[in-house]
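Spelled out, the chains give:
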Amino acid sequence: MLHLAAALDQPSVHDADPYVALARLAEHGGLDFVTLDDTFARPGPDALSVLSRIAPTTGRIGLVPTVTTTHTEPFHVQAAVATLDWVSRGRAGWRIEVSRTEGEARLFGRRHSAPADALWQEADEVADVAARLWDSWEDDAEIRDEATGRFIDRDKLHHVDFTGSAFSVRGPSIVPRPPQGHPVRVIDATDGPARRTAGRHADVALVRAASSAQATAVRDQLRRYAAESGRDPDELRVLASLVVDLGDGEYAAEPGHGGGGPRPTAWGPLYRGGPVDLAELITSWYQEGTVDGFHLVPTEPRRDLERLVNGTVALLQHRGLFRTFYPGSTLREHLGLARPANQYAGETS
Amino acid sequence: MTRRMHLAAHFPGVNNTTVWADPRSRSQIEFSSFEHLARTAERGLFDFFFLAEGLRLREHKGRVHDLDVVGRPESLTVLNALAAVTDRLGLAATVNATFNEPYELARRLATSDHLSGGRAAWNVVTSSDAFTGENFRRGGYLDRADRYSRAAEFVATARELWDSWTPDGVPRPFAHRGRHFDIAGEFGLPRSPQGHPVVIQAGDSDEGREFAASTADVVFTRHSSLEEGRAFSADVKRRLARYGRTPADLKIMPGVGVVLGDTAAEAREKAAVIRRQQTSPQTAILTLEQIWGVDLSSYDPDGPLPDIDPVAEPSLTRGRTRRGDTVAIAEKWRALSREKGLSIRQTVIEAGGRQSFVGTPAAVAAEMEEFVRQDAADGFILVPHLTPGGLDEFVDQVVPLLQERGVFRTEYRGTTLRSHLGLSEPPRLPLSSAP
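Residues numbered from 1 in each chain as written. Chains lettered and ligands numbered in written order. Predicted model: local features only at pLDDT ≥ 70, side-chain atom pairs only at ≥ 80, totals over all residues. Heavy atoms only, no water.

By the naming in an unreviewed UniProt entry, chain B goes by Putative FMNH2-utilizing oxygenase and is assigned to Streptomyces lincolnensis. In its Sequence similarities (unreviewed entry) section, the UniProt entry covering chain B states "Belongs to the NtaA/SnaA/DszA monooxygenase family." (UniProt positions renumbered as here; feature names shortened; annotations may be inferred.)

The name recorded for chain A in an unreviewed UniProt entry is FMNH2-utilizing oxygenase, from Streptomyces lincolnensis. Per UniProt, chain A has the following entry under Sequence similarities (unreviewed entry): "Belongs to the NtaA/SnaA/DszA monooxygenase family."

Now the structure itself:
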């Protein structure tokens, strides 16, 4: 089944209502998840906070904020993502990103910027320790045993004792294991240094590709990396990430766009045209086996998302390529991903 | 003029006052529990809803403490979600100033204030605990004096960031260079709907009181007997003038329990049952071990106190502070036990009792009013012992009586937490100089 996601990014919006409206629209279209990007480098609200605010106003759609790993505390990050999973009842994701610039480093004053390889090495460690901390509570740790006076069985809580290159964490987490076991991890794997981390840790990889061939090449590499790190490559969903401008009527206004495929721009591959031709493009890439789905970033959020849901999605549903209702309730279920086993289960603390 | 009382609700969680064994006790982690308690607080027109924090699970004798509620969600994330299911209720998060950085936390708090339309509050706590530090990049810890100086600079820096945009919404560069932080750039958000999130301070040391007087909008205290409350209030409010502030600028709100009954005797009996539930035989022994510093597992909780003296063993319990001279505490407890003929468990219950309002709804309303009238408090943070229904009775039975007495609001007048608390919007700091 085809997977679809959309970005909710709206420059200079700090209030809740515009985000709520877009998320509900995306949920109305049955999309797997919405993303909200984040960086310390430019103005805008904290993405995880915004999606937490949205959680009770939606019922099914996955919520995937970007949370960076370079200047943040891994322990806080995993606790916040786990909590988003609790407040959304199993709909949380986490788009893992790094902070590259010296400007971001100056906001913290703790260290200088570093090369991308080193930043992704650290992000890899943060993803690793987060998974360990989510597993540091076994699912059935809470026992409320009145006879012995114990609220938890502490043999089912585990120290993680993680030592990385830039931080260490003792554990266990303060937050019990989240509903999905592990919230869904999303990594933009377009840039080389991010790909190994995506292969090792991502449930969903985003690839900004302007052609079907380019997307296929990255997808093959990601699947190989996943296999090399001992994972089943079929447990990795690869979505093509496109900027979409649907302002030009039903069909592509400019020959060569729309059905002809996106063109590269500074913001990533841009599709400009109508919702019908976008459905054509999605159908053809998907049927060629290029990708598992699409992550669409509207240039004018309200207008484009409305056209996406009522035009493109409706057409894909009509063709039987996309769901018309959510059969499950968690983001993992939408993506067809299993709930991960606990790496500590059965061990004595 | 009648003084108005402020009320807040604490979500009961990781402490031994939470009675998880009661059949009415539900999940301590699922959102529905938080939603129920917050909606009840808003139905009762409370000023705010308050969440505590703990950054490492407590340990006793080298193992995770297992007798009380363990685990909780991350505060700010839950409160952002609660902003969607409430309209007026203030939302207060406890967040540590030792294991966070000003830019990131100021941004998260400002985001919460924007998303909630001006209802965010930050309870500033600090840690001098290497045990907690083992979960963080910093790794080590700060000594006592440093942690308050870092916290004060942290709050001051956050305020510089919150004020760094021009009134017409243009980001201006900031630069802060101090003893603890050397940072510069542009903040991510304009000034928030109530100017700055409300700042709450908890902690009773001399440094804590000074910090509160210089910086806080609300003090969360444990001083809850009338005399202690009056002394604490007078002391903290006296310190305000030094910082150019007036007593109206700082609200003192002790944390209190409330037990209601149809008669005074029934309420007293219920209170005794709750305190017994809060102190299981295992909890009684563990409490004793925290003071004695040795393994006392062979002692009978229904038997007499140990006649051995405490040893200095501060690491027996980690992640919870127990202050004071343990030998003196042991001496006092043994005297109490001898005088009243109490067992270990009974002594722990008797000695550990916190001030609660116990009685009929009318008596409790009258007593609460008396505290406020006599300047022992500006209001209260209610700490129920049950999740999530622990406030239902209070809101249904006591709030209407407080309203009849004219000491509590009958509707929210404003939309921001500052307006509920009668605090004015903080003046905008002069724009900081560009680097």
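Residue and element names in this part refer to chain A. A large share of strand β3 (residues 62–68) lies buried, amounting to 7 of its 7 residues. Of the two faces of β3, the one lined by Gly62, Val64, Thr66 and Thr68 and the one lined by Leu63, Pro65 and Val67 are each fully buried. Sheet topology note: the strand β2 (residues 33–36)/β3 ladder contains 4 bridges and is parallel. Paired with Thr35 across the two strands is Val64, which belongs to β3. (Buried < 20%, exposed > 50% of the residue type's maximum accessible area, 1.4 Å probe, protein only. Helix = DSSP H or I, 4+ residues; strand = E, 2+ residues; numbered from the N terminus. Pairing = 2+ DSSP bridges.)

So, about helix α3 (residues 102–115) of chain B. All names here are of chain B. For α3, built from 14 residues, the straight-helix expectation of 20 Å at 1.5 Å per residue is met to within 8% by its first-to-last C-alpha distance of 20 Å. With 14 of its 14 residues buried, α3 lies for the most part within the structure. Immediately downstream of α3, the backbone of Gly117 shows phi near 70 degrees, a positive value. (Expected span 1.5 Å × (residues − 1).)

Membership of the largest hydrophobic core comes to 175 residues, with the highest contact counts inside it found for Leu8(A), Phe294(A), Phe46(B), Phe49(B), Leu82(B), Trp122(B) and Phe380(B). Setting aside its immediate chain neighbours within four residues, Phe294(A) contacts Leu2(A), His3(A), Leu4(A), Ala5(A), Leu239(A), Ala240(A), Leu242(A), Leu281(A), Ile282(A) and Trp285(A). (Core = buried A, V, L, I, M, F, W, Y, C linked by side-chain atoms within 4.5 Å. Contact = heavy atoms within 4.5 Å.)

All names here are of chain B. With burial as the criterion, each face of strand β14 (residues 379–382) is covered, one bearing Gly379 and Ile381 and the other bearing Phe380 and Leu382. Relative to β14, strand β1 (residues 6–10) runs parallel, the two sharing 4 bridges. Along β14, the bridge assignment pairs Ala8 with Ile381. Relative to β14, strand β11 (residues 251–260) is paired through 2 bridges, and the arrangement is parallel. Looking at β14, one finds that Gly255 is bridged to Ile381.

All names here are of chain B. We note that the domain assignment places domain 1 (6–262 + 354–421) and domain 2 (280–351) within chain B. Averaged C-alpha coordinates put domain 1 and domain 2 at centres separated by 31 Å. Counting from both sides, the interface comprises 11 residues of domain 1 and, opposite them, 12 residues of domain 2. Both faces combined, the contact of domain 1 with domain 2 buries some 1100 Å², and carbon together with sulfur accounts for 52% of it. For domain 1, the biggest contributors to the area lost against domain 2 are His60, Lys61 and Leu67; these three give 47% of the whole. Applying the counting rule to domain 1 against domain 2 returns 2 salt bridges. Note that Asp295 is salt-bridged to Lys61, the shortest N-O span being 3.4 Å. Our count for the domain 1 to domain 2 interface comes out at 6 residue pairs in polar contact (both at pLDDT 80 or more). (Domains from an automatic or database assignment. Buried area = accessible area lost by both parts, 1.4 Å probe. Salt bridge = Lys/Arg side-chain N within 4 Å of Asp/Glu carboxyl O. Polar contact = N/O pair within 3.5 Å; in protein donor to acceptor, adjacent residues only side chain to side chain.)

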